[in-house]
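Descriptive structure summary
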Amino acid sequence: MRTVVITGATTGLGLRVAARLAAQGWHVVLGHRSESRGEAAARQIRRRTPAASLELLRIDLADLKSVADAAGALRQSGQRPPLHAIVGNAGIQVIDGVRRSADGYELTFATNHLGHHLLVTGLLDDLPAGARIAIVSSGTHWREKSMGFPEPRWTSARELADPPPDADPTPTAGRVRYSTSKLANIYFVYELARRLDGRPISVNAYDPGLMPDTSLSRDYPALARAGYRMAAPLISALLPGARSSRASARHLADLVGDARFDGTTGAYLEGPKIAPSSPESYDVARARQLWADSEWLIDQALARR
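Attention here is on the structure that accompanies the text. (Residues numbered from 1 in each chain as written. Predicted model: local features only at pLDDT ≥ 70, side-chain atom pairs only at ≥ 80, totals over all residues. Heavy atoms only, no water.)

**Observations concerning the sheet that holds strand 3 (residues 53-58)**
The strand order 3-2-1-4-5-6-7-8 describes an open sheet built from eight strands, whose pairing is mixed. Sheet topology places strand 3 and strand 8 (273-275) at the edges, where each strand pairs with a single neighbour. Neighbour-to-neighbour, the strand axes of the sheet open up by a mean angle of 25 degrees, direction not taken into account. Both strand 1 (residues 3-6) and strand 2 (residues 27-32) contribute to a ladder of four bridges, which runs parallel. Across the sheet, the residue bridging to Val4 is Val28, located in strand 2. Helix 8 (residues 245-257) contacts strand 1, strand 4 (83-88), strand 5 (132-136), strand 6 (202-207) and strand 7 (267-270) of the sheet and is inclined by roughly 150 degrees relative to strand 5. (Pairing = 2+ DSSP bridges. Helix = DSSP H or I, 4+ residues; strand = E, 2+ residues; numbered from the N terminus. Axes fitted to C-alpha atoms, helices over the stretch in contact; angles between N-to-C directions. Contact = heavy atoms within 4.5 Å.)

Encoded structure:
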């Protein structure tokens, strides 16, 4: 038996991936921010797979001390099967102004990028040969495939983490911060793949497509959320690039455990297929600077706690 850690494992894509991997015999660590929601997710999985091997792990990606504590707990426990996979799935899209994380960083960038950077790098030494890391990104990082979503506006990690007091609070600006964080996910994957050169550990970015049946729109107005939910089946069936969370979960679970992805690393996948990411995402100098700045931001935050 092997262990997989999944962030954002209590709803949507994360829950479906957890259920699928549990049914395949993995020991699944369910990353959660709420114990009650974690327990509810475990119950739901066990209704389908009564013998599922599950574990709850409190981890708030927007609180770097919480991430460091979670990584420490995973490293220190010798009771579970060996860690063989990390799925960085948790994400947030904020459209109601500029909100801050527990560390004072812009909430979208902190959750979607910085928290996963710390978790993955904190567990690298515990991963054996053949281990896999999958980070959920998004086609929103590229205008050509974003289906109208506003494109990223890259500045630097330090500016993205600490926008000025007069930063645009509109919903459109919030969506830009989201697409920019998803570009950061790809930079992280590509840079980590370069740094792992020679180590038999794979790391890939996964684009699940537009999934109208997930909770990513939870910050939208109630009427918009209701309409989005009602239209979800039609959107998934008719809109190019849209998928149900069930289909995306199957593809992501395959990326974690299927033998056909042996040796695949430093890749961007759209559903089940390797695809190019945006031309902007291949900027090596920018990826290296993001890595250095992220380490600095994380160190500064942990030093203050």
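Right, picking up where we left off after that structure.
**Some points on the pairing of strand 1**
On a regular strand, each side chain points to the face opposite its neighbour's, so the side chains alternate between the two faces of the sheet. Neither face of strand 1 is left uncovered, since the one carrying Thr3 and Val5 and the one carrying Val4 and Ile6 both have all their residues buried. The parallel pair strand 1 and strand 2, bridged by helix 1 (residues 12-23), forms a crossover whose chirality is right-handed. For strand 1 and strand 4, the ladder comprises four bridges, and the chain directions are parallel. Each residue of the ladder has a partner; that of Val4, found in strand 4, is Ala85. (Buried < 20%, exposed > 50% of the residue type's maximum accessible area, 1.4 Å probe, protein only. Right-handed = clockwise from strand over helix to strand, strands pointing away.)

**Describing the layout of surface pockets**
In this model, the second largest pocket occupies a volume close to 340 Å³. Together, 16 residues line the second largest pocket, and Arg153, Leu160, Pro163, Val176 and Arg177 are the ones closest to its centre. When residues of the lining of the second largest pocket are traced back to their parent elements, those giving at least two are helix 5 (157-161) and helix 6 (171-195). Looking at the lining of the second largest pocket element by element, the count peaks at five residues for helix 6. (1 Å grid on protein atoms, 1.4 Å probe; cavity = no way out; pocket = protein on both sides within 12 Å on 5 of 7 lines; lining within 4 Å. Points joined across faces, edges and corners; volume = space filled by probe spheres on them.)

**Looking at the packing of aromatic side chains**
Using the criterion set out here, one finds four aromatic pairs in the structure. Ring geometry for Trp154 against Tyr187: centres 5.1 Å apart, planes inclined by 75 degrees, an arrangement best described as edge-to-face. You can see Trp154 sitting in the loop between strand 5 and helix 5 and its partner Tyr187 sitting in helix 6, a full 33 residues away along the chain. Grouping residues by exposure puts Trp154 and Tyr187 together as buried. When the centroid spacing of 5.5 Å and the interplanar angle of 10 degrees are considered together, the rings of Phe188 and Trp291 count as stacked. Taken together, the residues span a long stretch of sequence, with Phe188 in helix 6 and Trp291 in helix 9 (residues 284-304) at a distance of 103 residues. Take Phe188 and Trp291: they sit in the same class, and that class is buried. One cation-aromatic arrangement involves Arg158 over Trp296; the distance from NZ or CZ to the ring centre is 3.9 Å. (Phe/Tyr/Trp six-rings, centres within 6.5 Å; stacked < 30°, edge-to-face > 60°. Lys NZ or Arg CZ within 6 Å of the ring centre and 35° of its normal.)

**Observations regarding the nonpolar core**
The biggest cluster of nonpolar side chains holds 50 residues, and the ones touching the most others in it are Tyr105, Phe109, Val120, Leu127, Ile133 and Leu192. When contributions to this core are tallied by element, the ones reaching two or more residues are helix 3 (64-76), strand 4, helix 4 (107-123), strand 5, helix 5, helix 6, strand 6 and helix 9. No other element matches the nine residues that helix 6 contributes to this core. Ile133 has contacts with Ile86, Val120, Leu124, Leu127, Leu192, Ile201, Ser202, Val203 and Asn204, leaving out every residue within four places of it along the chain. (Core = buried A, V, L, I, M, F, W, Y, C linked by side-chain atoms within 4.5 Å.)

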